[in-house]
Amino acid sequence: MEKYCTRCGRPLQGRLDKKFCDDGCRIEWHNEQRRKRQKELRVFNVILEQNWRILAALLRKGQRTISVKDLALKQFNFEIYTATNRRFLAWRIYWCYNYAYSISPAGTVRILPPQRARP
């Protein structure tokens, strides 16, 4: 059974477990995989950076609470965050890098002061 290069499709010669025809194909295939991963991460990082800027701007103004509706109007994305943990059973703390916030059942977002390290 003939095997073919994973990247370019040329027939392989040599070892049975060989996946690439040469070092150039092997390196380029790994570079393509890395580019795909980085593209996906860029999408999330753009959202996280936007959320971070919104939280930072609110705290600079001295605003520590805001309604979910008003925060959503500022284009805040509640689905993307860097970490989460539970506090006091019912409260969940969400992290956007070094900023933390919690959402009350009444629909109010409480922004916590920035932390040097998240949990």
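Residues numbered from 1 in each chain as written. Predicted model: local features only at pLDDT ≥ 70, side-chain atom pairs only at ≥ 80, totals over all residues. Heavy atoms only, no water.

All right, on to the environment of Glu32 then. Tracing the backbone shows Glu32 in helix H1 (residues 23–60). Since its relative accessible area comes to 24%, Glu32 is described here as partly exposed. Separated by 25 residues in the primary sequence, Glu32 and Arg7 have C-alpha atoms spaced 9.7 Å apart. (Helix = DSSP H or I, 4+ residues; strand = E, 2+ residues; numbered from the N terminus. Buried < 20%, exposed > 50% of the residue type's maximum accessible area, 1.4 Å probe, protein only.)

Glancing now at the nonpolar core. One finds Leu55, Leu58, Leu71, Phe76, Tyr101, Val109 and Ile111 to be the most contacted residues of the largest nonpolar core, which totals 16 residues. Those elements giving two or more residues to this core turn out to be H1, strand S3 (91–96), strand S4 (99–103) and strand S5 (108–112). The greatest single-element share of this core, amounting to six residues, is contributed by H1. If near-sequence neighbours (up to four positions away) are discounted, Phe76 is found in contact with Asn51, Ile54, Leu55, Leu71 and Tyr101. (Core = buried A, V, L, I, M, F, W, Y, C linked by side-chain atoms within 4.5 Å. Contact = heavy atoms within 4.5 Å.)

A separate point is the pattern of salt bridges. This structure, assessed with the given rule, holds six salt bridges. Taking the shortest distance from any N to any O, the salt bridge between Asp23 and Arg26 comes out at 3.3 Å. Linking Asp23 with Arg26, this pair stays in helix H1, spanning three residues, or about one helical turn. Judged by relative accessible area, Arg26 falls into the partly exposed class, the value being 36%. Between Glu49 and Arg53 there is a salt bridge, with its nearest N and O atoms 2.5 Å apart. Within this pair, Glu49 and its partner Arg53 are both found in helix H1, separated by four residues, close to a single helical turn. Residue Glu49 is classed as partly exposed on the basis of its relative accessible area, which comes to 39%. (Salt bridge = Lys/Arg side-chain N within 4 Å of Asp/Glu carboxyl O.)

Attention shifts here to H1. An ideal rise of 1.5 Å per residue puts 56 Å on 38 residues; H1 measures up with 52 Å between its terminal C-alpha atoms. Among all positions in H1, only Cys25, Leu48, Asn51, Ile54, Leu55, Ala56, Leu58 and Leu59 are buried. Buried residues in H1 make contact with strand S1 (65–67), helix H2 (68–73), S3, S4 and S5. N-capping of H1 is provided by Asp22, with a side-chain oxygen placed 3.2 Å from the backbone N of Gly24. Remark: Gly62 follows H1 within two positions and exhibits a positive phi of approximately 85°. (Expected span 1.5 Å × (residues − 1). Polar contact = N/O pair within 3.5 Å; in protein donor to acceptor, adjacent residues only side chain to side chain.)

Taken by themselves, the reported measurements are silent on function.
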